[in-house]
Amino acid sequence: MSILINKSTRLLVQGITGHEGLFHTQQMYSYAPGTVVGGVTPGKGGEWVLNGKLPVFDCVRVAVESTGANTSVIFVPAKVAADAIFEAADSGISLIICITEGVPVSDMMRVQTYLSGLNVRLIGPNCPGLLTPGEAKAGIIPGSIAMAGNVGVVSRSGTLTYEVMYALKKSGLGCSTCVGIGGDPVNGTSFLDILEMFESDPHTDQVALIGEIGGNDEERAAEFISTRMTKPVVSFIAGQTAPPGKRMGHAGAIIEGSSGSAMEKIRKLEASGVRVARHPEEIPGLLKR
Amino acid sequence: MKLHEYQSKSLFANYGIPIPRGRVISTAHEAKQIAEDVGGRAVIKAQVLVGGRGKAGGIRLAKSPKEAEELATILLGMELKGLPVRRVLVDEMVNIQQEVYLAITNDRTERRPVLMASSAGGVDIEETAIQHPELIFKMLINPLIGLRDYQVRDIAAGIELKRSLWRQFGEVALNLWKVFVATDATLAEINPLVVTTEGKFLALDGKMILDDSALFRHPDLVEIRDLDIEAPAEIEARKYGLTYIKLDGQIGCMVNGAGLAMATTDIIKLNGGEPANFLDIGGGKETKKVAAAFRIILQDPNVRGVLINIFGGITRCDEVARGILTAMAEVKPKVPMVVRLVGTNAEEGLKLLADANMTTADTLLDAAEKIVTLARGGQS
């Protein structure tokens, strides 16, 4: 089993006819054909993609009415990403996964404030999305690198997450769900939100948390782990060698003063009983077989 | 994108925030005339994007127009913390009654903008933030309705501003919110916001940082970007969609993905090496991008070896390997190299590289150990 997505997920792709959108729709569809129900590209309603397998709609409202979609994956350009999120939220989608990178912070602030009054969950932006091995894939995480199991994986990065999942698979460990929450300074879902879900998911027995420098999401996660989490958590924090004040690619990975540094995060996590790996390949060894 | 003081203050003025009379110049002789125009005495301020300008000697007080020119000459010939002073701002000298701190930035945890104010404004505000956080008043802003009048009154009362100043203060705060929104800023800071002895507010210093992701909405502001603060290699990298940051070590890195790139520089250090750079090639596997990455890494004379670490998720590793080989044929690197490819079609990719006599590695740890040894002149 899993959190957020499973084999009954009904997935819509916003930006389905774009280069990235179409490629990843194909990937998601081949991974779990029953979970992908269609897509949206304004002006292309009525067309079909994947050799007539999936319908394209002009807007999310009509797509939801026609397909019963409950989840949306967004691949639209950064300039229109906020609009795509508003549209999904206003059209009855309850889980929105925004893959798009480079969304202005001010747009995300407005989105967050708007969504806080609705019963809608946003994952991302600038994230690889979700994978529940063997059941569903909503995003760009390669399906082949993970197998089903009892480890919940949550991470702020992309390829580093894949690296950990791949290391787990090589060691014979599987994942319940893998969640990429994204590397932006303002994202829809935090480590803490996901830890809460893993804690109450009967099929997750342990969690791997992959963090990085910047912000205080890891620190808040540490507090939750020490006070409310019963399942064991292991972790890796990237950016221990990053010079202060430098942007390391992720907009979120900026060290602000002493808070947000890798050392500080590791200290807090260890104090909460989390075993922190020195490098990503150490993670499988810290988990229970 | 960081803006200079003069750029920030000029934006403030456009949005109705009062600033001192003055002008930015790049040749010293103009300072004399400006000082005369603003009343003889002037403040000469180096326009360099570093913190602690005043303490580093970048802000000088001139008692006469002649001294203004002399000081401008000195400052324009200086470097501050390694950056050349290309421009100075010559501002009128004002008589100060009170110094206030006023800023708007984004609160990541609350996911909203936040206005911060303090009656303990001035150079030591960062110290105050640590020693006396209670002296800094914070107010979250709902971005859908903006900063409201009642919030501004609340702040004015909170920092114990004289009632006679509330109206003026409110205008400054609301205009600061306007400029913050209009430019997609992540920071708009006035420190100090002074009350002159005549009872007028003036933004004596200003600092703005704009969101790089939102610059597509502000082509006019992109043009005023100061490239001095970035290393030429970083600017070059941006052209190819690469993120490059120079570090002080000897081992160059080329990695896909920011998180993995950080983990790679970390593991080099863990194995006793020092990373020469951080480089994220993103989702790119094209030969052009890999070749550009090679050139950028290798133009750093400290580099004694290069570690390439690619996780092929959707990207196929055999394609990456071909890209690397073509790029190497073009750039012809002379330092040792270790390549690690993991994921889809990794075996095929590694075989291509091995056939070309390249050193490969299976695990991240193995890769780091090999490149650290090779870079020291050892055998892998």
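Residues numbered from 1 in each chain as written. Chains lettered and ligands numbered in written order. Predicted model: local features only at pLDDT ≥ 70, side-chain atom pairs only at ≥ 80, totals over all residues. Heavy atoms only, no water.

> Run through helix H6 (residues 166-182) of chain B, naming residues and quoting values.
Residue and element names in this part refer to chain B. For H6, spanning 17 residues, the distance from its first C-alpha to its last is 24 Å, which sits close to the expected 24 Å at 1.5 Å a residue. Buried within H6 are the following residues: Phe 169, Gly 170, Val 172, Ala 173, Asn 175, Leu 176, Trp 177, Val 179 and Phe 180. Where H6 terminates, the next one or two residues include Asp 184, which has phi positive at roughly 55°. (Helix = DSSP H or I, 4+ residues; strand = E, 2+ residues; numbered from the N terminus. Expected span 1.5 Å × (residues − 1). Buried < 20%, exposed > 50% of the residue type's maximum accessible area, 1.4 Å probe, protein only.)

> Describe the interface of chain B and chain A, naming the residues involved and giving the relevant values.
With 45 residues of chain B in contact, the opposing surface of chain A contributes 59 residues. Of the roughly 4000 Å² buried between chain B and chain A on both sides combined, carbon and sulfur atoms contribute 63%. Linking chain B to chain A there are three salt bridges. Between Arg340(B) and Glu281(A) there is a salt bridge whose closest N-O contact spans 3.5 Å. Counting the contacts that link chain B with chain A gives 15 residue pairs in polar contact (both at pLDDT 80 or more). Of all elements in the fold, only strand E8 (96-107), strand E9 (112-118), strand E14 (243-246), helix H9 (258-270), strand E17 (305-312), strand E18 (337-343) and helix H13 (364-375) of chain B reach the threshold of two or more residues within the side of chain B that touches chain A. The dominant element in the side of chain B that touches chain A, judged by the number of residues it contributes, is H9(B), at ten residues. Tallied by class, residues from the side of chain B that touches chain A come to 19 nonpolar, 14 polar and twelve charged. (Contact = heavy atoms within 4.5 Å. Buried area = accessible area lost by both parts, 1.4 Å probe. Salt bridge = Lys/Arg side-chain N within 4 Å of Asp/Glu carboxyl O. Polar contact = N/O pair within 3.5 Å; in protein donor to acceptor, adjacent residues only side chain to side chain. Nonpolar A, V, L, I, M, F, W, Y, C, P; charged D, E, K, R; others polar.)

> With reference to specific residues and values, describe the pattern of salt bridges.
Residues and elements named next belong to chain B. Throughout the structure, instances matching the rule amount to 32 salt bridges over all chains. Its salt-bridge partner being Lys 45, residue Glu 5 comes within 2.7 Å of it at the nearest N-O pair. A residue pair is termed long-range when its members are at least 10 positions apart, and Glu 5 in helix H1 (residues 5-14) and Lys 45 in strand E3 (residues 42-46) qualify at 40 residues. Given a relative accessible area of 7%, Lys 45 falls into the buried group. Lys 246 serves as the salt-bridge partner of Asp 300, at 3.5 Å between the closest nitrogen and oxygen.

> Any details on the pairing of E9(B)? Residues and values, ideally.
All names here are of chain B. Burial runs high along E9: six of the seven residues are buried. Alignment of E8 against E9, held across seven bridges, turns out to be antiparallel. Its bridge partner lying in E9, Ile 104 is registered against Leu 115. If you look at the hairpin formed by E8 and E9, you'll find four residues sitting between the two strands, and Arg 111 has a positive phi there, around 60°. (Pairing = 2+ DSSP bridges.)

> How would you explain the packing of helix H5 (residues 159-170) of chain A against H9(B) if you had to name every residue and give the values?
At a minimum axis separation of 6 Å, H5(A) and H9(B) run at an interaxial angle of 70°. Our classification of the angle between H5(A) and H9(B) gives roughly perpendicular. Along its contact with H5(A), which presents Thr159(A), Leu160(A) and Glu163(A), the element H9(B) presents Gly259(B), Leu260(B) and Ala263(B). Its residues placed into classes, the contact of H5(A) with H9(B) shows three nonpolar, two polar and one charged. (Axes fitted to C-alpha atoms, helices over the stretch in contact; angles between N-to-C directions. Parallel < 35°, antiparallel > 145°, perpendicular 65-115°, else oblique.)

> I'd love a proper account of the sheet that holds strand E7 (residues 88-92) of chain B, names of residues and values included.
Residue and element names in this part refer to chain B. As summarised here, the arrangement of the four strands in space is E2-E7-E3-E4, forming an open sheet in which the pairing is antiparallel. What marks the edges here is a single partner per strand, and that holds for strand E2 (22-25) and strand E4 (59-62). For this sheet the average axis-to-axis angle between neighbouring strands, irrespective of direction, equals 20°. Bridge analysis of E3 against E7 gives five bridges, and the strand direction is antiparallel. Along E7, the bridge assignment pairs Lys 45 with Leu 89. Helix H2 (residues 30-37) contacts E2, E3 and E7 of the sheet and is inclined by roughly 175° relative to E2. Against the sheet, helix H3 (residues 65-76) touches E2, E3, E4 and E7, its axis set at about 165° to E4.

> Which residues make up the sheet that holds strand E7 (residues 121-123) of chain A, and what values go with them?
Residues and elements named next belong to chain A. One open sheet holds the seven strands; their spatial order is E3-E4-E2-E1-E5-E6-E7, and the pairing between them is mixed. At either end of the open sheet lies a strand with only one pairing partner, and these are strand E3 (48-49) and E7. Here two bridges tie strand E2 (residues 36-40) to strand E4 (residues 54-57), and the two strands are oriented parallel to one another. Paired with Gly 39 across the bridge in E4 is Val 56. Against the sheet, helix H3 (residues 81-90) engages strand E1 (11-14), strand E5 (71-74), strand E6 (95-98) and E7, with an angle of about 165° to E6.

> Tell me what's going on with the packing of aromatic side chains, and back it up with residues and numbers.
In this description, a pair of aromatic rings is defined by centroid distance and the angle of the planes. A full pass over the atoms with the stated rule returns five aromatic pairs over all chains. Between Phe86(A) and Tyr114(A) the ring centres are 5.2 Å apart and the planes differ by 80°, which places this aromatic pair in the edge-to-face class. You can see Phe86(A) sitting in helix H3 and its partner Tyr114(A) sitting in helix H4 (residues 105-115), a full 28 residues away along the chain. By relative accessible area, Phe86(A) is classed as partly exposed at 22%. Taken together, a centroid distance of 6.1 Å and an interplanar angle of 50° make the contact between Phe169(B) and Phe201(B) tilted. (Phe/Tyr/Trp six-rings, centres within 6.5 Å; stacked < 30°, edge-to-face > 60°.)

Geometric values such as these leave the question of function open.
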